[in-house]
Amino acid sequence: MIQNKYIKYAIILVSILIPIVTFYFWQIFYTSNLNVKGKRDFYLLIPTKSANFETVVDSLEANKMVHDVMYFRFLSKLLKYPEHVKPGRYKIKPNAGNYEVIKALRSGNQTAVKLTFNNVRLKQELVEKVAGKFEFDSTEFKRMLNDPEVAKFYGFTPETIVGMFLPNTYDVYWNTTPQKLLGRMKSEYDKFWTAERKAKAKALNLTQDEVITLASIVEAETKKKDEKPRVAGVYLNHLAANEPLRADPTVIFAIGDFGIKRLLHNQLLYQSPYNTYINKGLPPGPINIPESSSIDAVLNREKHDYMYFCASPKLNGYHIFAVTYQEHLKNAKDYQEALNQLGIKK
């Protein structure tokens, strides 16, 4: 009887403890342990040089992301996370539980940074696109872009290396290095230059760098995709005739004043290897990072006899094309009068 009594008490005690223990472990594993007030994702950055468990805990506490550090530490040790801390950038959802978070951190399942290149004219602007997005110092990235040996390693010069960065949005890990980023961009560049594109460049008697440089001029001249092949055709006609390109955007790039709306005569004489009014052929490198549509416009240029073009007096973003200089002068006069009516002097 006594033995049965103890067994009965034991059963009652176990029946009470099981739900309690189960609830306790459920809280540790699955109940949200994060600050949900903001209802926003939190990005935890774990630096490469200080990737340790205490750094993780300190960061979460400093950002008030953990309500009960004891729960987090207990489960982390149970899952052996302190021995497997990996650097990187990790997205933590507002209602994430300890188990979900620790599992992601332990696996090294990073959340990539969205890196977008567009509307870039100067190398410094390219550096600014990267600055602050990654663990590495952007000054080192800038130094590498200007290093002749680095440029040579990837098959470029300091003037042409910006052409390796094709406009797009790329997923890149936060703890990548400048070397890995350059390698990634070179890989994307090589992928873009298919055998078909290479064959078209060869047919034009242009290198890939020259195609991109010419495409950058086309990009600066017009944003109208349907007009780009025609503009490219004009410049290729000039190259074929061994005449200066006389591209206004190259002069503006050389001067460095992108607010210029109309160039004056003395500005057209500005001394620079990028000034295609006083130098024949293409400039030393791109004057911006052209869209793929501009590159393909060069490779698929429109065949015609046009040698000149100027902005349409309708100021609608399109251009008026001419075969002879006399035609061009008339078109240019119409455009100049349109600017004068708007009071645009420079």
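What you see is a predicted model; the values in this text were computed from it and never measured. (Residues numbered from 1 in each chain as written. Predicted model: local features only at pLDDT ≥ 70, side-chain atom pairs only at ≥ 80, totals over all residues. Heavy atoms only, no water.)

Caption draft 1: Quick peek at the overall build of the protein chain. Scanning the protein chain from terminus to terminus reveals 15 helices and six strands. Relative to its full complement of 346 residues, the protein chain shows a buried share of 40%. Carbon together with sulfur atoms contributes 54% to the accessible area of the protein chain, which is approximately 19,400 Å² in total. (Helix = DSSP H or I, 4+ residues; strand = E, 2+ residues; numbered from the N terminus. Buried < 20%, exposed > 50% of the residue type's maximum accessible area, 1.4 Å probe, protein only. Areas by Shrake-Rupley, 256 points an atom, 1.4 Å probe, with all protein chains shown as cover.)

Caption draft 2: Region of the structure containing the packing of helix α6 (residues 138–145) against helix α8 (residues 178–192). Remark: α6 packs on α8, axes separated minimally by 10 Å, with the N-to-C direction vectors making an angle of 50 degrees. As judged from the angle between their axes, α6 and α8 are oblique. Here the hand of the crossing between α6 and α8 comes out right-handed. Contacts from Glu140, Phe141, Met144 and Leu145 in α6 reach Pro178, Gln179, Leu181 and Leu182 in α8. (Axes fitted to C-alpha atoms, helices over the stretch in contact; angles between N-to-C directions. Parallel < 35°, antiparallel > 145°, perpendicular 65-115°, else oblique. Left-handed = near helix turned anticlockwise from the far one by under 90°. Contact = heavy atoms within 4.5 Å.)

Caption draft 3: Summary view of the pattern of salt bridges. The tally for this structure, following the rule as stated, stands at 15 salt bridges. Residue arginine 73 is joined to glutamate 54 by a salt bridge in which the shortest nitrogen-to-oxygen separation is 3.0 Å. Residue arginine 73 is located in helix α3 (residues 69–78), and its partner glutamate 54 is located in helix α2 (residues 53–62); the two are separated by 19 residues in the primary sequence. Look at glutamate 54 and you get partly exposed, because its relative accessible area is 37%. Among the charged side chains, a salt-bridge network with shared partners connects Glu140, Arg143 and Asp147. (Salt bridge = Lys/Arg side-chain N within 4 Å of Asp/Glu carboxyl O.)

Caption draft 4: Examining the environment of proline 286 more closely. Relative to the elements of secondary structure, proline 286 occurs in the loop between α13 (265–268) and α14 (292–299). Using a relative accessible area of 5% as the deciding quantity, one classes proline 286 as buried. For the pair proline 286 and threonine 250, spaced 36 residues apart in the sequence, the C-alpha separation amounts to 9.2 Å. Setting aside chain neighbours within four positions, we find proline 286 in contact with Glu159, Thr160, Val162, Gly163, Ile212, Thr213, Ser216, Phe253 and Tyr274.

Caption draft 5: Looking closely at the packing of aromatic side chains. A full pass over the atoms with the stated rule returns 16 aromatic pairs. Centroid distance tyrosine 306 to phenylalanine 321: 5.6 Å. Interplanar angle 40 degrees. Geometry classified as tilted. Taken together, the residues tyrosine 306 in the loop between α14 and β5 (308–311) and phenylalanine 321 in strand β6 (residues 319–322) connect sequence positions 15 residues apart. Overall, the relative accessible area of 24% leaves tyrosine 306 in the partly exposed class. Overall, the relative accessible area of 13% leaves phenylalanine 321 in the buried class. Linked through ring pairs, Phe117, Phe134, Phe136, Phe141, Phe165 and Tyr170 together constitute an aromatic cluster. Stacked on the ring of phenylalanine 192, the Lys or Arg arginine 197 has its end atom at 3.8 Å from the ring centre. It is arginine 230 that lies over the ring of phenylalanine 321; its NZ or CZ is 5.5 Å from the centre. (Phe/Tyr/Trp six-rings, centres within 6.5 Å; stacked < 30°, edge-to-face > 60°. Lys NZ or Arg CZ within 6 Å of the ring centre and 35° of its normal.)

Caption draft 6: Quick look at the nonpolar core. One finds Phe141, Met164, Phe165, Leu182, Trp193, Ile295 and Val298 to be the most contacted residues of the largest nonpolar core, which totals 56 residues. Not counting residues up to four positions away in its chain, the partners in contact with isoleucine 295 are Leu166, Phe192, Trp193, Val211, Ile212, Ala215 and Pro290. Counting residues in hydrophobic clusters, the runner-up holds 20 residues, among them Leu44, Val69, Ala96 and Ile102. (Core = buried A, V, L, I, M, F, W, Y, C linked by side-chain atoms within 4.5 Å.)

Caption draft 7: Just the layout of surface pockets, in detail. Empty space within the largest pocket amounts to approximately 1,600 Å³. Residue lining of the largest pocket: 49 residues in total, with Glu221, Asp248, Pro249, Ile252 and Lys261 positioned closest to the centre. Of all the elements in the fold, those that place two or more residues in the lining of the largest pocket are α10 (208–221), α11 (228–240), α12 (248–255), β5 and α15 (325–342). For the lining of the largest pocket, the per-class residue count stands at 30 nonpolar, ten polar and nine charged. (1 Å grid on protein atoms, 1.4 Å probe; cavity = no way out; pocket = protein on both sides within 12 Å on 5 of 7 lines; lining within 4 Å. Points joined across faces, edges and corners; volume = space filled by probe spheres on them. Nonpolar A, V, L, I, M, F, W, Y, C, P; charged D, E, K, R; others polar.)

Caption draft 8: View of unusual backbone geometry. A positive phi angle, close to 60 degrees, is found at asparagine 205, a residue other than glycine. Relative to the assigned elements, asparagine 205 resides in the loop between α9 (195–203) and α10. Owing to a relative accessible area of 68%, asparagine 205 belongs among the exposed residues under this scheme. Although it is not a glycine, arginine 246 adopts a positive phi angle of roughly 55 degrees. Mapped onto the fold, arginine 246 is located in the loop between α11 and α12. Residue classification places arginine 246 among the partly exposed positions, given a relative accessible area of 36%.

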